[in-house]
Amino acid sequence: MTGGSLSTPEPAGIWFRFSVKCDRLTNARIEKAAKAAGLSATSFVQKHFEAILTAQTAPAAPPPSTAPADVTRDFDVAKSVGITVTALRLYRAMDCAKDGNGHVQMSVLGLADAAGVAPASVKTFQQKLMRRGLIRQVRPASHRTPAIYHVFSIGDQS
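The following refers to the structure shown. (Residues numbered from 1 in each chain as written. Predicted model: local features only at pLDDT ≥ 70, side-chain atom pairs only at ≥ 80, totals over all residues. Heavy atoms only, no water.)

To continue, consider the pattern of salt bridges. Applying the stated criterion to the full structure yields two salt bridges. A salt bridge links Asp74 to Arg92; its shortest N-O distance comes to 2.7 Å. With a gap of 18 residues between them, Asp74 in helix H3 (residues 68-81) and Arg92 in helix H4 (residues 85-97) connect regions that are remote in the sequence. Taking relative accessible area as the criterion, Asp74 reaches 15% and is therefore assigned buried. Here Lys98 makes a salt bridge to Asp95, at a shortest N to O gap of 2.9 Å. (Salt bridge = Lys/Arg side-chain N within 4 Å of Asp/Glu carboxyl O. Helix = DSSP H or I, 4+ residues; strand = E, 2+ residues; numbered from the N terminus. Buried < 20%, exposed > 50% of the residue type's maximum accessible area, 1.4 Å probe, protein only.)

Written out as structure tokens, the structure reads:
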């Protein structure tokens, strides 16, 4: 028998490739978004397809509930350090993702997703956090890797 059974497992290392058809404008938008995320266009599209397939199989998570006291506390914390509540959400996402040295390296899309903010606003919020001394850029983004930031605890001397 030359073919092999369809019920036998695939050998390791076999990958299937798909093409995505799009116009020039869509291609430019994908490349721009991929660059902002610190990914190649191929990796960017792959991650989105994985997210689509994961979303189809994963049960929908209930929206997080925020007690009124937490909203007031968030407002007070943000006001005390001179930022908005939305910028505080980005700061907290970066703070949660930092390593043992206080550094975080995440793509713009990853940060936007973790903080629940628009990807286009991440850099603006990061600049505000840097002006307030809450984060410091350790290494700028390069062609394929996101920037590295040091995240200070609120109240630390930078």
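Additional details are given in the paragraphs that follow.
Attention shifts here to the nonpolar core. Core analysis: the biggest nonpolar cluster contains 23 residues, and Ile83, Leu90, Tyr91, Met94, Val122, Leu129 and Ile135 have the highest contact counts within it. Among the elements of the structure, H3, H4, helix H5 (108-115), helix H6 (122-131) and strand S3 (148-151) are those that each provide at least two residues to this core. No other element matches H4, which puts six residues into this core. Dropping the residues within four chain positions of it, Ile83 is found in contact with Ala78, Leu88, Leu129, Arg132 and Leu134. (Core = buried A, V, L, I, M, F, W, Y, C linked by side-chain atoms within 4.5 Å. Contact = heavy atoms within 4.5 Å.)

Once that is clear, we can look at the pairing of S3. Side chains Ile148 and His150 of S3 all project onto a buried face; the interleaved residues Tyr149 and Val151 project onto the opposite face, where all are buried too. Strand direction decides the pairing type here: strand S1 (residues 103-104) and S3, joined by two bridges, are antiparallel. Its bridge partner lying in S3, Val104 is registered against Tyr149. Pairing of strand S2 (residues 135-139) with S3 involves four bridges; the strand directions are antiparallel. Paired with Ile135 across the strands is Val151, a residue of S3. (Pairing = 2+ DSSP bridges.)

No statement about biological role is implied by the geometric values presented.
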